[in-house]
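Structural overview
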Amino acid sequence: MSAKKANWTFLAVILFNAAAIVLLAIFAGKINMTMTQALLMSQGIVLFPVLLSLVFTRTKLKGFIPCKKIKFSSVLLIIAVTYLSMPLISLTNLFSMLFVENEANNMIAGFEGISPFLIVLIVGILGPANEEFIFRGVFYHGYRQNGRIIGAAVLSSVLFGMMHLNFNQMAYAVVVGIIGVLLIECTGSILSSMIFHATINTTSVIAAYAGGTIGKDSADIQNATEAMNNLTYRETLCVGISVYMVMAVIATAIAGCLMYVIARSEKRVAYMEALGKVCRIKRKEKLFSVPLWIAMGLCMAYMILNEVMTHMAG
């Protein structure tokens, strides 16, 4: 799959998602869908057009998306990298919350009454595996074909963020995407980014159940935070940003060192050095094309419209 085909695929994903949103809005009163069904459907809506594209473009997954076994020691190091990356992810999330609501909290609020095991399975494991296959697998490696490694990493991560269709999740999803790409290159396997993503989501779900935030949306959490800290919500965010900024600098540096250890364990150091030289080569091939601009424009328009409507309703 080339960059142009990847762009058409992303447009197909956006159009398919838009059609699903419209149909659900039309038949909202006639369809009784549980949260579990909605979560599964949201994953299927993204996966289906991607699978169709792979069939139509006759893309063979073997050799296209690296999926080799990785050492158990590397798995443990990936989990360590994940937790060391969380301050940076949290920092990005807190910064975005200065301007928009925490959409993850609003989604978690809907988990009330659902089995924690089921939520961990869908949100913590199946969702990340599906999203990594699509964005770090198909899109990243599709854009990577022309040798523009850095551009492919950033673009596939931005598209991953945009697919969340809100500015809050988009902000830290970009960070998650870039770290996921680095882990794939360090190990030579998409399994590493799946483990990374699954660890983040599973930890977040467990923390939500343990912290008692299930069933509480952003407004509830905001009011509780202000009452507990005797600070305004914005002041609390600024304090959190200051703390996480220091933590992120230290933890991210350590995470980078562990990635080097992972690459050495997987015998990828020489490969990574060669990859660095490839990244410095100037290339004329373009990653962007008209279908991608249209798809990104549709995403941005939806997110802006959603923010405007939210503020008007508030």
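Refer to the structure presented above.
In this report, the structure presented in the accompanying data block is examined. Everything quoted here is computed from the prediction, not taken from an experiment. Along each chain, numbering runs from 1 in the same order as the chain's sequence is written. Local features in a predicted model are, by the rule used here, given only for residues with pLDDT of at least 70; side-chain atom pairs are given and counted only at 80 or more, and totals for whole chains, interfaces and linings are based on all residues. The side-chain values count all of the structure's non-hydrogen atoms but skip hydrogen atoms and water molecules.

**Things to note about the overall build of the protein**
- Strands here mean DSSP runs of E at least two residues long; helices mean DSSP runs of H or I at least four residues long; both are numbered from the N terminus. Within the protein, the secondary structure is distributed over 12 helices and zero strands.
- For the protein, the N- to C-terminal ordering of α and β elements is α-α-α-α-α-α-α-α-α-α-α-α.
- Values of the radius of gyration come from C-alpha atoms, whereas the globule rule sets the reference at 2.2 Å times the count of residues to the power 0.38. The C-alpha radius of gyration computed for the protein amounts to 20 Å, which stays within 12% of the reference 20 Å derived for 314 residues, consistent with globular compactness.
- Reported as C-alpha extents along the three principal axes, the dimensions of the protein are approximately 55 × 45 × 35 Å.

**What about the pattern of salt bridges?**
- Whenever a carboxyl oxygen of Asp or Glu lies within 4 Å of a side-chain nitrogen of Lys or Arg, that contact is scored as a salt bridge. Enumeration according to the criterion identifies four salt bridges in this entry.
- Its salt-bridge partner being glutamate 266, residue lysine 68 comes within 2.9 Å of it at the nearest N-O pair. Taken as a pair, lysine 68 in the loop between helix H2 (35-56) and helix H3 (72-96) and glutamate 266 in the loop between helix H10 (233-265) and helix H11 (269-279) lie far apart in primary sequence, 198 residues in all.
- Through salt bridges with shared partners, a single ionic network connects Arg144, Glu185 and Arg268.

**Description of the packing of aromatic side chains**
- Aromatic rings from Phe, Tyr and Trp, taking only the six-membered ring of Trp, are treated as a pair when their centres fall within 6.5 Å; an angle between ring planes under 30 degrees marks them as stacked, one over 60 as edge-to-face, and anything in between as tilted. Tallying each qualifying case throughout the model produces six aromatic pairs.
- Between phenylalanine 95 and phenylalanine 99, the aromatic rings sit 5.5 Å apart at their centres with planes inclined by 70°, giving edge-to-face as the arrangement.
- Any residue under 20% of the maximum accessible area for its type is buried, any over 50% is exposed, and the rest in between are partly exposed; the area is computed with a 1.4 Å probe on protein chains only. Take phenylalanine 95: its relative accessible area is 47%, and that puts it in the partly exposed class.
- The class for phenylalanine 99 is exposed, based on a relative accessible area of 53%.
- The rings of Phe10, Phe135, Phe139 and Phe160 are connected pair by pair, giving a single aromatic cluster.
- Here the basic side chain of arginine 136 rests over the ring of phenylalanine 160, its NZ or CZ set 4.3 Å away from the ring centre. The criterion is that NZ of a Lys, or CZ of an Arg, lies within 6 Å of the ring centre and within 35 degrees of the ring normal, and then a charge sits over that ring.

**Here we look at the side chain of glutamate 132**
- Locating glutamate 132 in the fold gives a position in helix H5 (residues 116-144).
- In this description, contact between two residues means that some pair of their heavy atoms is separated by no more than 4.5 Å. Residues within four places of glutamate 132 in sequence aside, it is in contact with Gly137, Ile190, Ser193, Met194 and His197.

**Brief notes about H2**
- A helix is expected to span 1.5 Å for every residue after the first. Helix length check: H2, at 22 residues, gives a terminal C-alpha distance of 32 Å against a target of 32 Å (1.5 Å per residue), a fit within 8%.
- For H2, the set of buried residues is Thr36, Leu39, Gln43, Ile45, Val46, Pro49, Val50, Ser53 and Leu54.
- The inward-facing, buried residues of H2 abut helix H1 (3-26), helix H4 (103-108) and H5.

**Here we look at the environment of serine 242**
- Looking at where serine 242 falls in the secondary structure, it is placed in helix H10.
- Exposure remark for serine 242: the relative accessible area of 47% places this residue in the partly exposed category.
- Here a polar contact is taken to be a pair of N or O atoms separated by no more than 3.5 Å, where protein atoms must pair a possible hydrogen donor with a possible acceptor and residues adjacent in sequence count only if both atoms sit in side chains. A distance of 3.0 Å separates a polar atom in the side chain of serine 242 from the backbone oxygen of cysteine 238.

**With respect to helix H6 (residues 149-162)**
- Between the first and last C-alpha of H6 there are 20 Å, a value that for 14 residues agrees with the 20 Å anticipated at 1.5 Å per step.
- Of all 14 residues that make up H6, 11 are buried, and the element is covered over most of its length.
- Buried within H6 we find Ile149, Ala152, Ala153, Leu155, Ser156, Ser157, Val158, Leu159, Phe160, Gly161 and Met162.
- Buried residues along H6 sit against H1, H5, helix H7 (167-187), helix H8 (191-211), H11 and helix H12 (290-313).

**Examining the nonpolar core**
- Counting 65 residues, the largest nonpolar core has Phe10, Phe135, Phe139, Tyr143, Leu159, Leu183 and Phe196 as its most contacted members.
- The element contributing the most residues to this core is H7, with 11 residues.
- In contact with leucine 183, not counting residues within four places along its chain, are Ile78, Val81, Ser192, Phe196, Met259 and Ile262.
- Among buried residues, those of type Ala, Val, Leu, Ile, Met, Phe, Trp, Tyr and Cys that are joined through side-chain atoms within 4.5 Å constitute a nonpolar core. In terms of nonpolar packing, the next biggest core, distinct from the first, is built from nine residues, Leu39, Phe111, Ile114 and Val205 among them.

**Focus on a nonpolar patch on the surface**
- Here, patches come from residues exposed beyond 30% relative accessible area and free of salt bridges, joined within 9 Å for like charges and within 5 Å for nonpolar side chains (Val, Leu, Ile, Met, Phe, Trp, Tyr). Accessibility throughout is a Shrake-Rupley quantity obtained with a 1.4 Å probe, and a residue counts as covered only by protein chains that appear here. Together, Val22, Leu23, Leu24, Ile26, Phe27, Ile31 and Met33 line one region of the surface with nonpolar side chains, adding up to about 580 Å² of accessible area.
- Among the structural elements, phenylalanine 27 can be located in the loop between H1 and H2.

**Looking at unusual backbone geometry**
- Of note, the phi angle at arginine 58 is positive, near 55°, even though the residue is not glycine.
- Mapping arginine 58 onto the fold places it in the loop between H2 and H3.
- Its identity as a non-glycine residue notwithstanding, lysine 267 has a phi of 55°, on the positive side.
- Take lysine 267: it is sitting in the loop between H10 and H11.

**Remarks on the packing of H7 against H10**
- Here H7 crosses H10 at 30°, and the two axes come no closer than 8 Å. Between H7 and H10, the crossing angle belongs to the class labelled roughly parallel. From H7, Ile179, Leu182, Leu183, Cys186 and Thr187 reach across to H10, where they touch Met259, Ile262 and Ala263.
- Here the contact of H7 with H10 is composed, by residue class, of seven nonpolar, one polar and no charged. Inter-axis angles, ranging from 0 to 180 degrees, are taken between N-to-C directions of lines fitted to C-alpha atoms, where helices are fitted over the stretch in contact. The cut-offs work like this: below 35 degrees is roughly parallel, past 145 is roughly antiparallel, 65 to 115 is roughly perpendicular, and the gaps in between are oblique. Residue polarity follows a fixed list, in which Ala, Val, Leu, Ile, Met, Phe, Trp, Tyr, Cys and Pro are nonpolar, Asp, Glu, Lys and Arg are charged, and the others, Gly among them, are polar.

These values are about where atoms sit, not about what they do.
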